[in-house]
Amino acid sequence: DAGVIQSPRHEVTEMGQEVTLRCKPISGHDYLFWYRQTMMRGLELLIYFNNNVPIDDSGMPEDRFSAKMPNASFSTLKIQPSEPRDSAVYFCASSSRDRGGYGYTFGSGTRLTVV
Amino acid sequence: RKEVEQDPGPFNVPEGATVAFNCTYSNSASQSFFWYRQDCRKEPKLLMSVYSSGNEDGRFTAQLNRASQYISLLIRDSKLSDSATYLCVVTLASGGSYIPTFGRGTSLIVHP
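Residues numbered from 1 in each chain as written. Chains lettered and ligands numbered in written order. Predicted model: local features only at pLDDT ≥ 70, side-chain atom pairs only at ≥ 80, totals over all residues. Heavy atoms only, no water.

1. Some words on the state of the cysteines
Here is the rule we go by: Whenever a pair of cysteine sulfur atoms sits within 2.5 Å, that pair is classed as a disulfide. Each helix is a run of H or I in the DSSP string that is no shorter than four residues. Each strand is a run of E no shorter than two, and both are numbered from the N terminus. Per-residue accessibility, obtained with a 1.4 Å probe over protein chains only, is compared with the maximum for each type, and a residue is labelled buried under 20%, exposed over 50%, and partly exposed between these values.
Scanning all chains against the criterion turns up 2 disulfides over all chains. With its sulfur 1.8 Å from that of its partner, cysteine 23 of chain A forms a disulfide with cysteine 92 of chain A. Disulfide cysteine 23 of chain A-cysteine 92 of chain A: torsion about the S-S bond near -65°, hence left-handed. Of the two residues, cysteine 23 of chain A sits in strand β3 (residues 19-24) while cysteine 92 of chain A sits in strand β9 (residues 88-95), which places them 69 residues apart along the sequence. Like cysteine 92 of chain A, cysteine 23 of chain A is buried. Disulfide pairing is shown between cysteine 23 of chain B and cysteine 88 of chain B; the S-S distance is 1.9 Å. One quick way to see it: the torsion about the S-S bond of cysteine 23 of chain B and cysteine 88 of chain B is about -70°, and its sign makes the bridge left-handed. A residue pair is termed long-range when its members are at least 10 positions apart, and cysteine 23 of chain B in strand β3 (residues 19-25) and cysteine 88 of chain B in strand β9 (residues 84-94) qualify at 65 residues. This pair shows no difference in class: cysteine 23 of chain B is buried, exactly as cysteine 88 of chain B is.

What follows is the structure in structure tokens.
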């Protein structure tokens, strides 16, 4: 099992540019979560999907953020246009209701810096 | 009041010490509870689930107190490698889904 795979690991971009973060969940997991982590706010849930369908996006900061899950093995989080305050580590996590305890497996994260 | 609260620490303890962390949650309907460990610049990883009857995994013991709405993590015989941030996770059922909420984490530093 390769685990949850995120790309890129690091992204440095200029303010105003579009940023796309990618995630491949663990095969067979039917839940996918996008989190953002900063020193100030900790881990914040942005959006989650169940069976590729967005269930709750109330954590998405504003319209500049969008997320898609076109199939069970791929999801994207897009920021357009990016701003310096978007700088953070973005984690993707997946889970399965069949797993005892509903534990969540995280990817290695994307460290985003907007200058 | 935050949904999940933890003392950020840091807890600075010598090797071999016993250390305990608490975590309080605000929603009494919370369903599942976990402790995660996060090393510096790494992703959070599941340490252990927390069951109502309490559970142990080697040097680690987790307890749940539903009446007082808190969970705890006890680490015995601390090792240098236990140095990390420990995140409390509480899940709440919502429309058939289980939504995890993470605490800000408690930092542990184990020194020689």
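On we go from here.
2. Some details on the sheet that holds strand β7 (residues 60-65) of chain B
Residues and elements named next belong to chain B. We count it as follows: Note on pairing: DSSP must find at least two bridges between two strands before they are called paired. Throughout, an axis means a line fitted to C-alpha atoms (over the contacting stretch in the case of helices), and angles, computed between N-to-C directions, take values from 0 to 180 degrees.
Here 5 strands make up an open sheet; going across it, the order is β1-β3-β8-β7-β6 and the pairing antiparallel. Single-partner strands in this sheet number two, and they are β1 (4-6) and β6 (55-57). Averaged over all neighbouring strand pairs, the angle between strand axes comes to 20°, with direction disregarded. In the sheet, β7 pairs with strand β8 (residues 70-75) via 6 bridges, with the strands oriented antiparallel. Within β8, the residue paired with phenylalanine 60 across the bridge is isoleucine 75.

3. Considerations on the pattern of salt bridges
Condition: Each reported salt bridge corresponds to a side-chain nitrogen of Lys or Arg within 4 Å of a carboxyl oxygen of Asp or Glu.
Tallying each qualifying case throughout the model produces 12 salt bridges over all chains. Among the ionic pairs, glutamate 83 of chain A bridges to arginine 85 of chain A, the shortest N-O distance being 2.6 Å. Given a relative accessible area of 56%, arginine 85 of chain A falls into the exposed group. With its nearest N and O atoms 2.9 Å apart, the salt bridge here joins lysine 79 of chain B to aspartate 77 of chain B. A network of salt bridges, in which partner residues are shared, links Glu62, Arg64, Glu83, Arg85 and Asp86 of chain A.

4. Quick word on the packing of aromatic side chains
Residues and elements named next belong to chain B. Applicable threshold: Ring pairs shown here join Phe, Tyr and Trp side chains whose ring centres sit within 6.5 Å, with only the six-membered ring taken for Trp; geometry is labelled stacked below 30 degrees between planes, edge-to-face above 60, and tilted in between.
Taken as a whole, this structure holds 16 aromatic pairs over all chains when the rule is applied. Their ring planes at 75° and their centres at 6.4 Å tell us that phenylalanine 34 and tyrosine 36 sit as a pair that is edge-to-face. Comparing phenylalanine 34 with tyrosine 36 shows no difference in burial state: the two are buried.

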